[in-house]
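Fold and geometry: a report
Chain residues, written in single-letter form:
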Amino acid sequence: MLKILDKLSATMKDDNRNFDSNSISKMLTDLQMQPEFDMNMDVINQVSTNEHLIRTLLDIVSENYVPKKEIKVLEINVTNALMAQEIDNHLAHAAIYPIDVNYTIATKCIDNINDEYKNKSFKLTEWDYKSSAFPSDISQLELIVMKDTQDLKDVKLDVYLQEAYDAIVSKGFLLSVFKYKYTEPELLLNSMNGRKNMKNIELEKRINDFTTTAIQMGFKEIGRKYDSINSMAVLFRKIETKPTVPEKHNIIEINASDMSWFETLKTRVTENIDTKDNIWLIANDSQHNGIVGLINCLRLEPGGDSLRCLFDCNSNKSSIKFTEKPYSDILNNDLAINVINERLVGTYRHITLPKNYDKIPSNEYFLNVGLNRDLSHLQWYDSRHIVTTDEFYDLCNVHKHQIRCHVYSSGLNFRDVMLATGRLISGPETLFTDCLLGFEFAGRRSDTGERVCGFNMSRCFGTTIDANENLISPIPDNWSMDDAITILSTYSTVWYGLLERGQLKKNESVLIHSAAGGVGQAAINVCQKYNCDLYVTVGTEDKKQFLMNEYNIPENRIFSSRDIQFKYKIKELTDGKGVDLVLNSLTGEKLEASYECVADCGRFVEIGKYDLQMNKQMGMFSFLKDLSFIAVSADRKLYLTQDFGQNFFKWMNENCTNGLIKPINRTVFKAEDADKAFRYMTTGKHIGKIIVKIRDEETIKSQLLDIKPANEMTVMTKTYFDPNKTYIITGGLGGFGMELMHWMLFMGARRLVLTSRKGIKSDYQKFLLERVKALGNRFKFFNTKVIVSTHDTNTTEGTKQLLSEAHKLGPIGGVFHLALVLNDCLLEKQTIDGFCETIDSKAKTFENLDRITRQMSIDLDYFVVFSSVACGKGNAGQSNYGYANSVCERICESRRNDGLHGLAIQWGPIGDVGVLSDTEMSSLSGIVKQRINSCLEIFDKLLQTPQAVISCVVRAKRVTQQGSRESKIVNQIWQALGIDPRTTPDHLTLGEIGMESMFAVELQQGLERDYKIKLTMNDIKSITVRHIKEFETGRVDQFKKFAEELHNAREKLAKIKFIIPSDAYTPLNSVRTGNPVYFLPPLEGIFSSLVGLAEQINRPVIGLNWTKDMEKIDDVKEIANYYTKLLKTLHPKGNFDIVGHFYGALLVAKMLRKSPIRRAVIIDTISDMEVDEDMISDEAIIEMLIKFICKDLPKVINEKLVRELKLKPDINSKLSKISADIKEFVGKGFVGRDFDDILNQSFKRAKLFGNYRLKMKNKFKQIKLNIGKKYLEMSGKLLVIKAVANTFDDDMINTTDKIWDSYFLPEKGLEDKLNFKTVRGDSDNDMNIVFNQIAVSINQYLLD
Ligand SMILES: NC(=O)c1ccc[n+]([C@@H]2O[C@H](COP(=O)([O-])OP(=O)(O)OC[C@H]3O[C@@H](n4cnc5c(N)ncnc54)[C@H](OP(=O)(O)O)[C@@H]3O)[C@@H](O)[C@H]2O)c1
């Protein structure tokens, strides 16, 4: 707008500088046609993208699409001020796992829009709103965003909105952004443009028309938001069918005081996975209800999309009637989460903290540099939380008094700049203080008002300081405070370096480096008083002139400090002897050159720190001249030598008027320009001293108590803890807890109580606590008391005991609740104990601490809980954790309402320490781990914010993938699994590769939603790499086939009753008349595999059961006798017709000889199985069992089971694994009371029959004839039926020979009694077809 006005004023004035009113209108119209002057791009018109206006509404959209992974959005915006960037960003980051935003922009002219939209993944389409009612070819949208502008006023609203309605999916959203008023400058421009009559009322009318038409179309208004300038946004939802009032069983009350709802919720949600009724979770009993965290997590679990939540947080136990307002509206809007507060309906939303959330106005502050040591991080920090103490122990464990002083001026030293820029590595002093800057100050004592100057280890750039009484001195009356500042570090260095250590004598020759600086000038002054022969170096011509003018140093004695030429010149001027004393502050080769300037028996006084810190190596040759190297660290001396400060001040006061000590020239910077002072020093241009002025000095030099506060500045918030108070960290021995402990100690805390259930367990915990103790023993300064308490804070009594234990150390100043027990599990598998344990560790403890500290009127500075993003955004498998954290968050809100401190921080995953330290984050996650030092740095600031709940997460860089929808999904799968598909075997399943359950849920829901492929969580784990590759190439049908296969197998297995019968026999078909046929039990002992066959036999079929009692029989002969006996009772006349399959067939063969059998049928399978020692090995038997018992499992699952069984060490664990896998695969429909027994007995049976066959095989070779004879006596006839492969087996003779041998039947003599029949089929054939043929053969055979 300003550009337009500027252009107008520049071009539209006539010669007399008057506006030419006729041309204005034309010019304006022309101007506004140019993109550069587009008023839509004006800042005031861009506020529509402001987070406060649209994010909360967009979050409603994403919240209702979670757990959907993709949102299809269309933005209709004919202006050049697009909103896509912001909307896309908000939607993509709305959940823990990023949402894929498929974003299309329909605009007037693609060429005109900003290039960055063209380069990003937005689809662009042109819409000529004058000729078509709606952008073409767009449908199935989850969200349409419309920017309503003047241009669209001629578009027919009803047609436009109808098209929008049709393009949106059912329950999709429409977000429309309007201008609701004109700003003054806009009105002005419009009036200049001849559009004087543009009125706000027209805008209002447009919004009304839009809204009314939208509602007539069938949209529901969900919410609206205004900004204070000119924009508003309305969110509509397309609701096609009115939701019905939920039935009683679809309403579950989530009660805060008891967890009886858990089982109901679990059952109902699990049952509802297929039905998909809306289930309403309702909470209206307590403000401290965790329903919001609960639903956030459950919505991401299977069945979660049917869940709705209604939370009345005013705890009025209101009766919720869905037929009455506001509940009827809530029902009709069908939003996932609804919170009623003070009769208003809404939800919890995240909004970015204001940019200056960590700033505060204050007139008490100090200067420090952040963790990133560079001058741009130099900041003033609020110092109001620093607790002052009158006494302390210094680093030599000497008890000292402290004097509180108001600081007026501070001196800047090179050391400060080196520290602030990271060039000087901070030493062990960082143990004692978080601030190393500021070493000298001048000001007034707060107790007496006397003017003082002094040193302090740090923090002298500040408004006040607690100064060591030995390191301060009254300021001589002839000096101002700034004068005093110029004396402190400069003259103390010279006093100590030249006089005390260097033993300067009158008339000596001296080289002073950087002589125009503070120390340099002080040295010149003292040396001139000592009548010394001076040689100096300086960095610039200005400085040289300064020294010539100010100190009368001859030009030929002033050299450059930028090179080593001074060495030659000094040698020349001193006839090659050099000088008696060098005061050095130069580094590198200049230091070496200076060293060479020292005369025989001379002294080299080193006051620079850099080369010392860098441990620079020096040649020893010059020491042959008997010279002394004197290193001077006056600052270190100040703290470690008791009377150093006082001795210096004595010397200073004695010489403050005699000319030995003279104040030095200085450059003064105001406090707000402190960074400039630092930068100035880095240029090396300054002459004399640099001072940072905190406040102006009064004219009176005498004592003054009425000291004006320093100017108020906006400074960084800063947390310090009170060393006299006790702070409780629950779960303090955990990963984060131990780090928090250290940080709190560093920030001033001295009394800590860490809670734990069992106390110190690990060596690491022990080591850390002992280290803190050892530090306290070494330095009394710390005076630390850290104790571990094991009182049970889940109980009132335990909490009281904890508080009383803490109180014994000092008044309780804060509670930091970190205790946590995780029991992550999807609801369908969660147990009440696991659910409650997590809730108790978090919510119960926090409730107890809140209630009891209130009852005991404990005034807490901090009451904090570490919540989680899993509560704020939801995470599958953490519903208990989400619930518990949510309770804590509500408690913090209540506390804030009551004027107490309460803060819940929803942390994202934390790196380095804690529960997730060893867990790899899924590369799919939209967030990454936050380093612990970053957490603590932010925590410092968050503690000072007024909010009750804050989220702190580090977002992952967003990756937008190219390619088809399938290939994108597959890419995500590879990423989530962390594998290279080219090198991973195709047969491996996702479960074997190791897939996170969270991702499994995502995939499961995605396949169901987008491809109608329904798989359980276990099925997802059974998907193989091959399936995924097929899916990637678009062969979704293969995936569907697999899903069907799983479904059928599950159905089949669910029909089998794995129950060992108690009756001796069971009818197997429904035929009740005729002569029965008796089936002997197959290997698995139950008849499920033979029922299909039995049903096709046209006579009654009776199964002879393998009952529990038979377990005891361990001999095949006895078994045969048992069944013969049983048959005789069932069929007393004899002449039985019997059928046996597999080992049942062996029994048939055995029974043939002696039982009164009329007809016997063997369905042969065993003749193909080699009989040898290997056959009866445990491995072989297990393989056989899998073939029989697990034959209905799909191939991939069967193969996976075989692979996994190989890893199991013994039979029992192998059998348990088979049992567990089948039970898990079939799920809740499994009828398997005796399944484990069936497996065990089948194993034993297989062993028994295997041994029998082996024994018989060996015997049979020798006694074949005898056996043959025995069979000659048999009464009945035998039919052997064998299924053979489709390709006809020519070698039938061989086959029959094998069969006779397998059943130990004679080859000759029984020709008239033995029959052989083949049917077509092999293991891959449908068993029904094979059974049909077998049944036909049996029916025919039994007829004659
Ligand atoms: N780490 C993360 O990524 C992350 C992310 C978001 C939020 N958070 C939150 O940050 C806090 C600390 O997490 P962390 O990673 O440090 O967890 P952590 O290492 O598991 O520490 C938690 C500690 O709580 C203790 N505890 C459990 N029940 C207790 C009870 N009834 N009374 C006293 N102590 C109990 C446990 O110690 P004992 O076995 O000795 O009792 C455990 O060491 C937790 O509240 C967590 O919710 C962490």
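Here the residue index of a chain counts from 1 through its sequence in written order. Totals for whole chains, interfaces and linings use all residues, but because this is a predicted model, local features are given only for residues with pLDDT of at least 70 and pairs of side-chain atoms are given and counted only at 80 or more. No hydrogens and no water enter the side-chain calculation; it runs on all heavy atoms of the structure.

1. With respect to the site of the ligand
We define proximity as follows: a residue is near a molecule or strand when any one of its heavy atoms falls within 4 Å of that partner. Around the ligand there are 24 residues in total, and Phe736, Ser756, Arg757, Lys842 and Tyr881 lie nearest to it. Each polar contact in these results corresponds to two N or O atoms within 3.5 Å; when the atoms are within protein, one needs to be able to donate a hydrogen and the other to accept it, and residues that are neighboring in sequence are counted only if both atoms are side-chain atoms. The side chain of Lys761 places a nitrogen or oxygen atom 2.9 Å from an oxygen atom of the ligand. Between an oxygen atom of the ligand and a main-chain N or O atom of Leu820, the distance comes to 3.2 Å. Computed by Shrake-Rupley with a 1.4 Å probe, the accessible areas treat only the displayed protein chains as cover when residues are assessed. Contact with the protein chains covers 92% of the free accessible surface of the ligand, which is 870 Å². Starting at the N terminus, helices and strands are each numbered in turn, a helix being any DSSP run of H or I of at least four residues and a strand any DSSP run of E of at least two. Counting only elements with at least two residues in the shell around the ligand, the list comes to α22 (735-746) and β35 (862-868). No other element matches β35, which puts 3 residues into the shell around the ligand. Under the scheme applied, nonpolar residues are Ala, Val, Leu, Ile, Met, Phe, Trp, Tyr, Cys and Pro; charged residues are Asp, Glu, Lys and Arg; polar residues are all the others, including Gly. In terms of residue class, the shell around the ligand is built from 12 nonpolar, 9 polar and 3 charged.

2. Observations concerning helix α10 (residues 291-298)
Of all 8 residues in α10, 8 are buried, a share of seventy percent or more. Every buried residue belonging to α10 is among Ile291, Val292, Gly293, Leu294, Ile295, Asn296, Cys297 and Leu298, and all of these are buried. Each residue is placed in one exposure class: buried if its accessible area under a 1.4 Å probe, protein chains only, is under 20% of its type's maximum, exposed if it is over 50%, and partly exposed if it falls in between.

3. Quick look at the pattern of salt bridges
Pairing between side chains of opposite charge can happen when the charged atoms of each approach one another. A pairing counts as a salt bridge when a side-chain nitrogen of Lys or Arg comes within 4 Å of a carboxyl oxygen of Asp or Glu. Per the counting criterion, the structure on display carries 58 salt bridges. In this structure, the salt-bridge partner of Asp209 is Lys205, at a minimum N-O distance of 2.9 Å. Taken together, the positions of Asp209 and Lys205, both in helix α8 (residues 200-217) and 4 residues apart, correspond to about one turn of that helix. Asp209 gets classed as partly exposed once you look at its relative accessible area, which sits at 32%. Its salt-bridge partner being Lys1217, residue Glu1204 comes within 2.9 Å of it at the nearest N-O pair. Taken as a pair, Glu1204 in helix α39 (residues 1195-1206) and Lys1217 in helix α40 (residues 1211-1226) lie far apart in primary sequence, 13 residues in all. Neither residue differs from the other here; Glu1204 and Lys1217 are each classed as buried.

4. A short note on the pairing of β35
Remark: a regular strand shows side chains that alternate across the two faces of the sheet. In terms of burial, β35 is a largely internal element, 7 of the 7 residues being buried. Burial of the side chains of β35 extends over both faces: Tyr862, Val864, Phe866 and Ser868 are buried on one face and Phe863, Val865 and Ser867 on the other. Pairing between two strands requires that DSSP report at least two bridges joining them. Summarising the sheet, strand β34 (residues 812-817) and β35 pair through 4 bridges and their orientation is parallel. Pairing of Val815 across the sheet is with Phe863, part of β35. Throughout, right-handed denotes a crossover for which the path from the first strand over the helix to the second runs clockwise when the strands point away from the viewer. Read from β34 through helix α25 (residues 832-855) to β35, the crossover connection turns out right-handed. Strand direction decides the pairing type here: β35 and strand β36 (residues 903-907), joined by 5 bridges, are parallel.

5. Some words on the packing of helix α24 (residues 796-809) against α25
Helix axes are fitted to C-alpha atoms over the stretch in contact, other axes to C-alpha atoms as well, and angles between N-to-C directions run from 0 to 180 degrees. Closest axis-to-axis distance for the α24/α25 pair is 10 Å, and the angle between their directions is 60°. Here α24 lies oblique to α25, going by the angle between them. Read as a crossing pair, α24 and α25 show a hand that is right-handed. Contact residues: Thr796, Thr799, Lys800, Leu802 and Leu803 in α24; Asn848, Leu849, Arg851, Ile852 and Thr853 in α25. Of the residues in the contact of α24 with α25, the class split is 4 nonpolar, 4 polar and 2 charged. Throughout, the term roughly parallel applies to angles under 35 degrees, roughly antiparallel to angles over 145, roughly perpendicular to angles from 65 to 115, and oblique to all others. By the definition used in this description, the sense in which the near helix is turned from the far one sets the handedness, with an anticlockwise turn below a right angle giving left-handed and a clockwise turn giving right-handed. Whether two residues are in contact is decided by their heavy atoms: any pair within 4.5 Å suffices.

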